Amino acid sequence: MTLSGAFAKASAKLVALAKKAITLTDQKPLSFQQIILKLHDYWSDQGCAILQPYDMEMGAGTFHTATTLRALGPDPWNAAFVQPCRRPTDGRYGENPNRLQHYYQYQVILKPSPPDIQQLYLDSLTAIGIDPMLHDIRFVEDDWESPTLGAWGLGWEVWCDGMEVTQFTYFQQMGGFDCKPVAGELTYGLERLAMYIQGVDSIYDLDYNGNGVSYGDIFLDNEKQMSEWNFEVANTETLFDLFKKATAECENCLEAKLPIPAYEQAIKASHVFNLLQARGVISVQERASYMGQVRDLAKGSCEAYMVKNGWDA
Amino acid sequence: MADFLLELLSEEIPARMQAKARADLERLFAAQLNDAGLKAADITVYSTPRRLALIAKDLPDQTEAVSEEAKGPPEGAPDQAVDGFCRKNGVTRDQLEVRDVKGRATYFAVINKPGRATSDVLAEAIPAIIKAFPWPKSMRWGDASLSTESLRWVRPLSGIVAILGDDLVECEIDGVTSGYETVGHRFHHEGMITIGNAGDYAEKLRACHVLVDHSEREAIVREGAVKAASDGGLELVTDEGLVIENAGLTEWPVPLLGGFDPAFLDVPEEVIQLTARVNQKYFICRDKSGKLAPNFICTANIDATDGGKAIVAGNEKVLAARLSDAKFFWELDQKTPLEEHAKKLSNIVFHEKLGTVADKVERVAKLAEWLVSLEGNGFYQSSPGDALRGEVIEAARLCKADLVTEMVGEFPDLQGLMGGYYAEKQGKSEAVANAIRDHYKPVGQGDEVPTDPVTVAVSLADKLDTIGAFFAIRELPTGSSDPFALRRAAVGVIRVILHSKLRIPLRPILESVNIECSSAFSKWSTQLSEEQYRNHGGAGYFSSFGEWSPQAADRAIDFIFDRLKVQQREAGVRHDLIDAVFALGREDDLVRLLARVNALQAFVETPDGDNLLAGYKRAANILKKESAPGADPEPRVEGATATLGSASSAEHGGAKTRPDSAPGAVGSGESSAPAQAGAHLPSDTSDAPSGDGPLPSQGNKGLSYTPEKAEKALIDALDAAQPDVTAAIEAEEFEKAMTALANLRAPIDQFFEDVTVNDSDADKREARLALLARFRAAVHQVADFSKIEG
């Protein structure tokens, strides 16, 4: 009856957290940075290593080596971190209240996926002030696939009152390899979650630190300038050249049997490709070919990582 | 007798998979029972997002005992033989019985197989069902997933409840063991629930805020949504798909009414409905006057402590954000005229072997223009420069422009519809806007069939182009797969043509599309790298098109014809009669084809028709045996076929005058080669009635003997009937042609009565066979009677 034990324990915890949540709702809602700190505290308590963001441009937290590469192989791995994400084509010059070309994801990876992972996740929502008896939390089918990473998994988007707040995925394959064992990945959209918790209609109005600094104070100029650069200014010749160089360097690393540097070059190529897309210089026909190149680099790096560690496919 | 309860508890099962999962569970369980020789009085299956459950009523406590016996060696056989027999049957020597078999004392082993306990059967059946469960997608999870052989389920399986009567059925699969315990509602109930038996299962769950019966939840969603709407003075727009989906997403459904800013109602209603339904799974409402109301109904999964206020507020915010996106798209798209949007179609590949959507649009525009300029087309004939022609070309050129708009990018289902709205906003004529909106129609069976001339022209041109194009590159539908929806296109073509009784020759259209697409295909093939060339099948693949291309249009007509047969069978038209008319030479004017078939059907069901058919069969049999002299295998083809690009007028009925140039050539200055001049003869004679001589000229002038009376009568009747039949067919008066043919009935009957065909005089024999051939040919003017059954 270990199952019932786990549930009883989880439920008791839930009740305690819910009580805490109720008291929280009476107070001022959490600031953006408090949400991150609460999540850090919570996942730290669950035994996760709290990492810092990867210091490279990437389109999603999943690209972090702590997710992609660590999802491979048999070793247990539990980590949580914030990852800034860049999606140049999503830039709106700071004019759209819901879209940004640079934003934050909170990423948790639990490997192997624990039996109570859903409850652990729900408790994390309670920890940041969402009362599950007041709000409608639902797991709605949403399977995940990243052709670039040769990866896929099954899971849900988690809805809170109809809003998607988290992507929840059980990785089945990464870099074309079966995940043995399977990792559970939680990706919280931090700005969205914060907008929800704080009840604001524009990202830029988010209370960042609870002490007078808004999200817009910090990032609005960034969005304006980066949008202009992404869409209008970035030198495409340089970008094409960077893409070629990253590709070549990735292959160079692979030859030298250095999967981690190789993977970094793959991420770099991926981001440069995204910039080229934003500049509108890649035709529909070429697009598939570029994506294929990035995929080959990423898969090659994953394969080299497996080999380096002596793991069988 | 005992009732059995099975519950498979898991993490959230996708709503769309639940109905099939219930059916699969029932089927697999019944099969397991059946294999063990057990039967339940009744099996009920339930599902919620977190569980699949099954209750089987009145299972016997055990399977029936069976007694089998095996005949062994005779008494007194060597010990070795007797011991071997015992071993084989698992009995000892003293258990053997001795019986008399034809006077010889013989050993018998009697093996009594006692009944198996049903709980043992179930303990084996449950893991077997779980292992064999056909989820559309399944996954591994947790510690066990270190091996790829670990258990797969739709989402992690966390518990099994299996109770027979009041007793646990003990079983285990991949670390999940059966028990009495399950969980209640995720948020309404803490801890585990202990189930006693099948009888208290549903009620115990209900007490813990879980309605395990999906149909009960569906009823709550269905009725609750209606009530929530009417409480707000509104009428619900019912949607059974949403009812089922929301019931599949909740264990305790609570419909709640919310609203949005009426300013969003500027956005087309369909967009609002789609945003609400597809993205958020909300119902929408109308006010008393039938107008879309700024309200929605969402279905929560909890009885919230505040009565749902926070939930409604949250959902309102989400929908507002979605609608403001939609409004943004709606306004943004309108800043660019459709003409500008259409330019971007040259960046969208229609099919790698066929070029871009812009190429397709150009072909569709030419075809549509040709269709309306075709004389006698049955709906409208435009002349160069008239308003209709201008509208047709404009609508065709813009019909796909909305594919590159933001709104259609977000909601692909709105293709056509958005183009229609944008055209209207841009001040295009109503006919053009309607044609852009409706040119995909008819899509489903109940879908309305366009009748407006501009829409008809664009709709037909688009569908015929699609069919012709994919036939040109030999991407044909198979029994199980039709990735380019060619069947739907063909049915659409048939319905549009028949609905408005359009006189459209399909052959020249499909030939023209074939020519253009074949050249696009060649162009593509020459640009391939060596590796790509090999990957696409190499020389073998590409050279095969030399044989394929000339027959691609015919195959496309055959394909449309096959759909027509299926469609007409439902309307009660005999398929053999359709075959009989089509066999004359791939009649490609569907209206004329059916008119002829209908006349034929009326005729063959009369005594005259029936007898004539019998006479025909007899004549045909004799001719077949004797292989008629002078029979030229070239078939006689009736009915005219218009030919694109040919200025020569056809001599038959149908389209008498043709436009000056082929659709492929309009505006291009260079003709895309007329497919074939004059009346078309099928290249493949095997499809046409064989052995028909060309109609011999009237009379049997060369007769070297005096014909018998009945023989003479048949000659005279043929002389009289033939011109009548020909004239009637040319005038498309098919009933009249049948009547003329009916005049042959008595003479042919009499002929067979009185005249010996197989005369010893070779001259007579030959002349009479020729006469029968002439008779057969006369009948074939109307239809190939050999295809008629009965």
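Residues numbered from 1 in each chain as written. Chains lettered and ligands numbered in written order. Predicted model: local features only at pLDDT ≥ 70, side-chain atom pairs only at ≥ 80, totals over all residues. Heavy atoms only, no water.

A. Region of interest: the overall build of chain A. What chain A contains, in helices and strands, is eight helices and nine strands. Here the C-alpha radius of gyration of chain A, 20 Å, is about what a compact globule of 313 residues would show, namely 20 Å. Restricting the contact set of chain A to residue pairs at least 6 apart, pairs at least 24 apart contribute 68%. Carbon together with sulfur atoms contributes 50% to the accessible area of chain A, which is approximately 12800 Å² in total. Computed over 25 positive and 40 negative side-chain charges, the inter-centroid distance for chain A is 3 Å. (Helix = DSSP H or I, 4+ residues; strand = E, 2+ residues; numbered from the N terminus. Rg over C-alpha atoms; globule rule 2.2 N^0.38 Å. Contact = heavy atoms within 4.5 Å. Areas by Shrake-Rupley, 256 points an atom, 1.4 Å probe, with all protein chains shown as cover. Lys, Arg positive; Asp, Glu negative; His and termini not counted. Charge placed at Lys NZ, Arg CZ, Asp CG, Glu CD.)

B. Up close: the environment of Ile117 of chain A. Secondary-structure assignment places Ile117 of chain A in helix α3 (residues 117-127). Between the alpha carbons of Ile117 of chain A and Gly184 of chain A there is a distance of 7.7 Å; along the sequence they are 67 residues apart. If near-sequence neighbours (up to four positions away) are discounted, Ile117 of chain A is found in contact with Leu110, Phe168, Tyr170 and Gly184 of chain A together with Glu11 of chain B.

C. Focus on the side chain of Lys400 of chain B. Residues and elements named next belong to chain B. Looking at the secondary structure, you find Lys400 in the loop between α11 (387-398) and α12 (406-410). There is a polar contact of 2.9 Å between the side chain of Lys400 and the side chain of Asp462. Once residues lying within four places of it in the same chain are set aside, the contact partners of Lys400 are Leu345, Val357, Lys360, Val361, His439, Tyr440 and Asp462. (Polar contact = N/O pair within 3.5 Å; in protein donor to acceptor, adjacent residues only side chain to side chain.)

D. Focus on the nonpolar core. Counting residues in hydrophobic clusters, the biggest one holds 254 residues, and the most contacted among them are Trp43 of chain A together with Phe4, Met407, Leu600 and Phe785 of chain B. The greatest single-element share of this core, amounting to 12 residues, is contributed by helix α15 (residues 453-472) of chain B. Membership of the second largest hydrophobic core comes to 28 residues, among which are Phe81, Tyr263, Ala298 and Trp311 of chain A. (Core = buried A, V, L, I, M, F, W, Y, C linked by side-chain atoms within 4.5 Å. Buried < 20%, exposed > 50% of the residue type's maximum accessible area, 1.4 Å probe, protein only.)

E. Fine view of helix α6 (residues 240-248) of chain B. All names here are of chain B. Those residues of α6 lying buried are Leu242, Val243, Asn246, Ala247 and Gly248. Residues of α6 that are buried make contact with α1 (18-35), α5 (214-231), α7 (269-280), β15 (283-286) and β16 (292-300). Taking the backbone nitrogen of Gly241 as reference, a side-chain oxygen 3.1 Å away marks Asp239 as the first, capping residue of α6.

F. Inspection of helix α16 (residues 486-499) of chain B at higher detail. Residue and element names in this part refer to chain B. Between its first and last C-alpha atoms α16 spans 20 Å; for 14 residues at 1.5 Å apiece the expected length is 20 Å, and the two agree. Taking burial as the measure, the 14 residues of α16 include 10 buried ones, the bulk of the element. For α16, every residue scored as buried is listed here: Leu486, Ala489, Ala490, Gly492, Val493, Ile494, Arg495, Val496, Ile497 and Leu498. Where α16 is buried, its residues meet α15, α17 (506-526), α20 (545-570) and α22 (590-604). At the exit of α16 stands Lys501, carrying a positive phi of roughly 50°. (Expected span 1.5 Å × (residues − 1).)

G. Spatial organisation of the packing of aromatic side chains. Evaluation of the coordinates by the stated rule reveals 45 aromatic pairs over all chains. Centroid distance Tyr121 of chain A to Phe139 of chain A: 6.4 Å. Interplanar angle 70°. Geometry classified as edge-to-face. Of the two residues, Tyr121 of chain A is situated in helix α3 and Phe139 of chain A in strand β4 (residues 137-141); the sequence distance between them amounts to 18 residues. Residue Tyr121 of chain A is classed as buried on the basis of its relative accessible area, which comes to 0%. Their ring planes at 45° and their centres at 6.3 Å tell us that Tyr208 of chain A and Tyr215 of chain A sit as a pair that is tilted. The same class applies to Tyr208 of chain A and to Tyr215 of chain A, which are both buried. The structure contains a cluster of three or more aromatic residues connected by ring pairs, namely Tyr106, Tyr121, Phe139, Trp156, Phe168, Tyr170 and Tyr188 of chain A. The ring of Trp77 of chain A has Arg70 of chain A lying over it, and the distance from NZ or CZ to the ring centre is 4.1 Å. Lying across the ring of Phe545 of chain B, Arg474 of chain B places its NZ or CZ 4.7 Å from the centre. (Phe/Tyr/Trp six-rings, centres within 6.5 Å; stacked < 30°, edge-to-face > 60°. Lys NZ or Arg CZ within 6 Å of the ring centre and 35° of its normal.)

H. Seen up close, the layout of surface pockets. Approximately 1200 Å³ is the volume found for the second largest pocket. Lining the second largest pocket are 33 residues, and of these Thr89 and Arg92 of chain A together with Lys344, Val404 and Glu406 of chain B lie nearest its centre. Taken together, the elements giving at least two residues each to the lining of the second largest pocket come down to α8 (284-308) of chain A together with α8 (309-334) and α12 of chain B. Sort the elements by how many residues they give to the lining of the second largest pocket and α8 of chain B lands first, with six residues. Taken together, the residues that form the lining of the second largest pocket break down as 10 nonpolar, 13 polar and 10 charged. (1 Å grid on protein atoms, 1.4 Å probe; cavity = no way out; pocket = protein on both sides within 12 Å on 5 of 7 lines; lining within 4 Å. Points joined across faces, edges and corners; volume = space filled by probe spheres on them. Nonpolar A, V, L, I, M, F, W, Y, C, P; charged D, E, K, R; others polar.)

I. Representation of the interface of chain A and chain B in the model. Counting residues at the interface gives 49 residues for chain A, matched by 55 residues for chain B. Between chain A and chain B lies a buried interface of about 4200 Å² when both sides are counted; carbon and sulfur atoms form 57% of it. When the buried surface of chain A facing chain B is broken down by residue, Met133, Arg138 and Glu141 of chain A rank first, second and third, together holding 14% of it. Measuring nitrogen to oxygen at the nearest pair gives 3.1 Å for the salt bridge that ties Asp143 of chain A to Arg155 of chain B. The tally of links from chain A across to chain B stands at 19 residue pairs in polar contact (both at pLDDT 80 or more). At the level of secondary structure, the elements contributing two or more residues to the side of chain A that touches chain B comprise α1 (2-26), α3, β4, β6 (151-160), β7 (163-174), α4 (190-198) and α8 of chain A. (Buried area = accessible area lost by both parts, 1.4 Å probe. Salt bridge = Lys/Arg side-chain N within 4 Å of Asp/Glu carboxyl O.)

J. The sheet that holds β15 of chain B, seen in detail. All names here are of chain B. Read across the open sheet, the four strands follow the order β13-β15-β16-β14; overall the sheet is antiparallel. Sheet topology places β13 (235-236) and β14 (254-259) at the edges, where each strand pairs with a single neighbour. With three bridges joining them, β15 and β16 adopt antiparallel strand pairing. The partner of Ile284 across the bridge, within β16, is Phe296. The strands touched by α5 within the sheet are β13, β14, β15 and β16, with β14 carrying the most contacts at an inclination of about 35°. (Pairing = 2+ DSSP bridges. Axes fitted to C-alpha atoms, helices over the stretch in contact; angles between N-to-C directions.)

K. A look at the pattern of salt bridges. All names here are of chain B. On inspection of all chains with the given rule, the structure shows 59 salt bridges over all chains. Here Arg51 and Glu7 are joined by a salt bridge, their closest N and O atoms 3.1 Å apart. Residue Arg51 is found in strand β3 (residues 51-59), and its partner Glu7 is found in strand β1 (residues 2-10); the two are separated by 44 residues along the sequence. Across this residue pair, the class does not change: Arg51 and Glu7 are buried. In this structure, Lys353 engages Glu475 in a salt bridge whose closest nitrogen and oxygen atoms are separated by 3.1 Å. With a gap of 122 residues between them, Lys353 in the loop between β17 (349-351) and β18 (355-356) and Glu475 in the loop between α15 and α16 connect regions that are remote in the sequence. Taking relative accessible area as the criterion, Glu475 reaches 24% and is therefore assigned partly exposed. Taken together, the shared-partner salt bridges connect Lys360, Arg363, Lys400, Asp462 and Asp465 into one network.

These figures capture arrangement, not role.
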